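The chain contents come next:
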Amino acid sequence: MSKISINASCPCGSGNKYKKCCRIYHKGAKAPDALTLMKARYSAYAANEYAYIIKTTHPKNPDYSTQTQTWKASILAFSNNTEFLGLEIIEFIDNPQEAFVAFTAHLSSGTLNEKSRFLKTDGKWLYTDGVLF
């Protein structure tokens, strides 16, 4: 069950309603680039869309797990216990098969600064890993 009304402002900060923004990716549209995927993943955490997080995580990611029930519980625990207060994009480096997004996520638990790496696999962008800064 989503934590966000479909008519609320999208958590990604676009200024658009959630239903016309990241929700379309959560419901199956393919993100056109790694930046869009990163914003949709942030919104997925904010909206409790755990399936989108699982679906868009590269198997090489350290958090990737075939134990999907355990992984789902972990994502929901984080999402349910965190307020997502804003997202700032610092840098986007777009390449055909590998891309990077540096961002600051403002959370109730503090600020997260990460440079995320994405790989294009079978025509889809997937979150691979990230470095905190």
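A. Inspection of the overall build of the protein at higher detail. The helix and strand tally for the protein stands at 4 helices and 4 strands. Starting at the N terminus, the α and β elements of the protein follow one another as α-α-α-α-β-β-β-β. Counting only C-alpha atoms and orienting by the principal axes, one finds that the protein spans roughly 35 × 35 × 30 Å. Here the protein, with 133 residues, has 41% of them falling under the buried criterion. Counting only contacts in the protein whose residues sit at least 6 apart along the sequence, the fraction spanning at least 24 positions is 41%. Of the roughly 7,200 Å² of accessible surface on the protein, 51% is carried by carbon and sulfur atoms.

B. Highlighting helix α2 (residues 34-47). Under the 1.5 Å per step criterion, the end-to-end length of α2 is 19 Å for 14 residues, consistent within 8% with the ideal 20 Å. Among the 14 residues that make up α2, 12 are buried, leaving the element largely enclosed by the rest of the structure. The complete set of buried residues in α2 reads A34, L35, T36, L37, M38, A40, R41, Y42, S43, A44, A46 and A47. On its buried face, α2 sits against α1 (23-26), α3 (50-55), β1 (84-93), β2 (98-107), β3 (110-121) and β4 (124-132). A positive backbone phi angle near 65° is found at N48, which sits one or two residues after α2.

C. Examining helix α4 (residues 68-80) more closely. The first and last C-alpha atoms of α4 sit 18 Å apart over 13 residues, in line with the 18 Å expected at 1.5 Å per residue. Buried within α4 are the following residues: W71, I75, L76 and S79. The buried residues of α4 all sit within an arc of 130° when viewed along its axis, so they share a single face. Pointing more than 90 degrees away from the buried face of α4 are the exposed residues Q69 and T70. Buried residues along α4 sit in contact with α2, α3 and β1.

D. How the structure looks around the pattern of salt bridges. Across all of its chains, the model carries 3 salt bridges by this definition. Residue E98 is joined to R117 by a salt bridge in which the shortest nitrogen-to-oxygen separation is 3.2 Å. Of this pair, E98 sits in strand β2 while R117 sits in strand β3, and the two are 19 residues apart along the sequence. With relative accessibility at 29%, the residue E98 sits in the partly exposed group. Notably, a salt bridge pairs R117 with D129, separated by 3.0 Å at the nearest N-O pair. With a gap of 12 residues between them, R117 in strand β3 and D129 in strand β4 connect regions that are remote in the sequence.

What counts as what
Residues numbered from 1 in each chain as written. Predicted model: local features only at pLDDT ≥ 70, side-chain atom pairs only at ≥ 80, totals over all residues. Heavy atoms only, no water. Helix = DSSP H or I, 4+ residues; strand = E, 2+ residues; numbered from the N terminus. Buried < 20%, exposed > 50% of the residue type's maximum accessible area, 1.4 Å probe, protein only. Contact = heavy atoms within 4.5 Å. Areas by Shrake-Rupley, 256 points an atom, 1.4 Å probe, with all protein chains shown as cover. Expected span 1.5 Å × (residues − 1). Arc of directions from axis to C-beta. Salt bridge = Lys/Arg side-chain N within 4 Å of Asp/Glu carboxyl O.

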